[in-house]
Amino acid sequence: MHTVRTGSGSPLVLVPGVGADTETWRPVLAGLTAAREVVRLDLPGFGRTPLPAGEVTMAGYADALEAHLRAEGLAGADLVGSSMGARLVMELARRGVGRATVALDPGGFWSPAQKKVFGVTLTASVALVRALRPALPVLLATPVGRTALLAQLSARPWAVPADYALSELRGLADAAGTSPSITALSTGPDQLGAPAGSLPGPMLVVWGKQDRVALPRPDRVAELFPDAVVELWESCGHFPHWDQPERTVATILRATSPAA
C-alpha cells in the first residue's frame, strides 16, 4: 500500500475516501505536519496502490488497511479518515486498532433509502466527470464551473482552488477502485458498532451540515458507537478539509492530542 511520511512526532495516519489519494490532504498537510508525523496512504485501487483481483468489499478494505498498519508498526497510531476512509477508521477502532479516531463525514450510516440514493447519484456524478474529463481543465478554471461540478461535494465549491479541484476530479474519474467501491458502499453490509467502553481511544465524528453525499446521521452513530462524540459543522459539505481546512487541522490536533 503506497505510503508517504512527512513531518516528525507521534504518527497520524490519514485515510482518504473514494477516488482520492495521498494528495487529497493537501489543504491540511502543512498544518498537520507542523505538529505530527503525518502518514498518508493510497487505498487499493487508488493513487499508486493497485486494485487486487476479486470482489471489492468494505471488509476487504478494512482487512488490507489493518494488515498494512500492523506491518508498518502503526497499529496504535491515531487514525483520521475522510468519507469511505472515515468509515474504515471507525471499523478499525471497532476492531481495537489505533488510538484516537477522527472520522470526517463517514459513509455507511445511511437509511436504506439514502443508501440507494447515494449509489445512484454518485454513480451518475462519476459518469458525468468521466464524460467531461477532457474539458475539466477549462471547466474548473472558473468559479462558475467549479460551482457546477463540485456542488454535490462542497458547501463552497467556487472557493476550491482550480488545480486542486482538477486533481481531485481526475482521481475520481481515473481510479480503478472508484466504481467498485461505490458498489460496495451502496450494496454491501451496513457498518457494525462498538459497545460502550470497547474503543481503544476517543472517537470524534465530524459532519458538514451541507453534506449531500453521506447525509449526517448523528442518531445512528450514537446508536452504533455510543462513546463517539459528533460535531455538525455549518457551511461545510462532504469534505471538511476542502471547505474549512484551518478548522479541520485544529480539530484533528485537538482530538488526537495525548490528553484526548
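The rules behind each value
- Residues numbered from 1 in each chain as written.
- Predicted model: local features only at pLDDT ≥ 70, side-chain atom pairs only at ≥ 80, totals over all residues.
- Heavy atoms only, no water.
- Buried < 20%, exposed > 50% of the residue type's maximum accessible area, 1.4 Å probe, protein only.
- Helix = DSSP H or I, 4+ residues; strand = E, 2+ residues; numbered from the N terminus.
- Pairing = 2+ DSSP bridges.
- Right-handed = clockwise from strand over helix to strand, strands pointing away.
- Axes fitted to C-alpha atoms, helices over the stretch in contact; angles between N-to-C directions.
- Parallel < 35°, antiparallel > 145°, perpendicular 65-115°, else oblique.
- Left-handed = near helix turned anticlockwise from the far one by under 90°.
- Contact = heavy atoms within 4.5 Å.
- Nonpolar A, V, L, I, M, F, W, Y, C, P; charged D, E, K, R; others polar.
- Arc of directions from axis to C-beta.

A.B. asks: Lay out the pairing of strand β3 (residues 37-41) in plain terms, naming residues and giving numbers.
C.D. replies: Counted residue by residue, β3 has five buried out of five residues, so it is predominantly covered. By the alternation rule, side chains of β3 split into E37, V39 and L41 and V38 and R40, which are all buried. Of the pairings in the sheet, the one linking strand β1 (residues 3-6) to β3 comprises four bridges and is antiparallel in character. Residue R5 lies in a different strand from β3, and its bridge partner there is V39. Alignment of strand β2 (residues 11-15) against β3, held across four bridges, turns out to be parallel. In the strand pairing of β3, L12 is matched with V38. Handedness of the β2-helix α1 (residues 26-33)-β3 crossover: right-handed.

A.B. asks: Can you tell me about the packing of helix α6 (residues 143-150) against helix α7 (residues 162-174), naming the residues and giving the values?
C.D. replies: α7 packs onto α6 with a crossing angle of 30 degrees between their chain directions and a minimal axis gap of 11 Å. In terms of their interaxial angle, α6 and α7 are classed as roughly parallel. The hand of the α6/α7 crossing is left-handed. Here R146, L149 and L150 of α6 lie close against α7, whose contacting residues are A162, A165 and L169. For the contact of α6 with α7, the residue count by class is five nonpolar, no polar and one charged.

A.B. asks: Tell me what's going on with α1, and back it up with residues and numbers.
C.D. replies: For α1, the set of buried residues is V28, L29 and L32. Down the axis, α1 shows its buried residues gathered within 125 degrees of arc, on one side only. Buried-residue contacts for α1 involve β1, β2, β3, α10 (240-243) and α11 (245-255).

A.B. asks: Before we move on, can you summarise the packing of α1 against α11 with the specific residues and values?
C.D. replies: In the contact formed by α1 and α11, the axes pass within 9 Å of each other and the chain directions differ by 45 degrees. With respect to α11, the axis of α1 lies oblique. For α1 against α11, the interelement crossing comes out right-handed. On α11, the residues that touch P27, V28, G31 and L32 of α1 are P245, T248, V249, I252 and L253. Residues of the contact of α1 with α11, tallied by class, amount to seven nonpolar, two polar and no charged.

In short, shape yes, function no, at least from these values alone.
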